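# Architecture and fold: a report
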Amino acid sequence: MSSIWTYAQGSGYTPEQSLVGFTVEAADGAIGQVDRQQDQPEMQHLVVDTGVWVFGKSVLIPAGAVTRIDSDARTVTVARTREEIKAAPQFTTDRETTHPTYLAAVGNYYFSLGLTPAS
């Protein structure tokens, strides 16, 4: 089954690879660094510390938005713009990053942007 919560084949993702500390690049520039990652099947996502760019908040990016992982350069490239990522549903507590209602809202938001589930 395909899912927005799964890394696409060809993205460069390898199971058990830590992406913590990698720089995250949107289509139009850097957005921050991976602070945490969730690798539970059908729930894979990155929590990105945006620093001052989004007023010190973190954003959750579904694995299906990742288009490329470059382990040598320590970068993760995502298929959205900075503004699109900034406009995604925000979480206020870490518990929300695994809460089904919050994840559904994030998934629906990325689907509304035309991001299709990974194959």
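Refer to the structure above for everything that follows.
Now for a description of the structure that goes with this document. None of the values given here were measured: they were computed from a predicted structure.

Parameters and conventions
Residues numbered from 1 in each chain as written. Predicted model: local features only at pLDDT ≥ 70, side-chain atom pairs only at ≥ 80, totals over all residues. Heavy atoms only, no water. Salt bridge = Lys/Arg side-chain N within 4 Å of Asp/Glu carboxyl O. Buried < 20%, exposed > 50% of the residue type's maximum accessible area, 1.4 Å probe, protein only. Helix = DSSP H or I, 4+ residues; strand = E, 2+ residues; numbered from the N terminus. Core = buried A, V, L, I, M, F, W, Y, C linked by side-chain atoms within 4.5 Å. Contact = heavy atoms within 4.5 Å. Pairing = 2+ DSSP bridges. Axes fitted to C-alpha atoms, helices over the stretch in contact; angles between N-to-C directions.

## Considerations on the pattern of salt bridges
Counted under the stated rule, the structure contains four salt bridges. Between D35 and R36 there is a salt bridge, and its shortest N-O distance comes to 2.6 Å. The class of R36 is partly exposed, set by a relative accessible area of 29%. With a shortest N-O distance of 2.8 Å, D94 and R36 are connected by a salt bridge. Highlighted residues: D94 in the loop between α1 (82-86) and α2 (100-112) and R36 in strand β2 (residues 29-38), separated in sequence by 58 residues. Classification of D94 by relative accessible area gives partly exposed; the value is 47%. Sharing partners across several salt bridges, the network here consists of D35, R36 and D94.

## Structural notes on the nonpolar core
I61, V76 and Y110 are the most contacted members of the largest nonpolar core, which totals 31 residues. Elements with a contribution of two residues or more to this core: β1 (23-26), β2, β3 (45-49), β4 (58-62), β5 (66-70), β6 (75-78) and α2. Broken down by element, this core gets its largest block of residues, five residues, from α2. Non-local contacts of V76, meaning those with residues more than four positions away in its chain, are made with L19, F22, T23, V24, E25, V34, L46, V66, R68 and I69.

## Topic: the environment of V24
Mapping V24 onto the fold places it in strand β1. Between the C-alpha atom of V24 and that of V34, which follows or precedes it by ten residues, the distance is 6.8 Å. With near-sequence residues (within four places) excluded, V24 lies in contact with G29, A30, I31, G32, Q33, V34, V48, I61, V76 and V78.

## A short note on the pairing of β5
Note that β5 and β6 share four bridges and pair antiparallel. By the bridge assignment for β6, R68 is matched with T77.

## Focus on the sheet that holds β3
Read from one edge to the other, the open sheet built from six strands follows the order β4-β3-β2-β1-β6-β5, with strand pairing classed as mixed. Whereas interior strands pair on both sides, the edge strands pair on one side only; in this sheet they are β4 and β5. The sheet shows a mean angle of 35° between the axes of neighbouring strands, taken without regard to direction. In this sheet, β6 lies alongside β1 in parallel orientation, the contact comprising three bridges. In the sheet register, T23 faces β6, and the bridge partner there is T75. Of the strands in this sheet, β3 and β4 touch α2, which is tilted by about 70° from β4.

## Side note on the environment of P62
Within the secondary structure, P62 is located in strand β4. Separated by 19 residues in sequence, P62 and M43 place their C-alpha atoms 7.9 Å apart.

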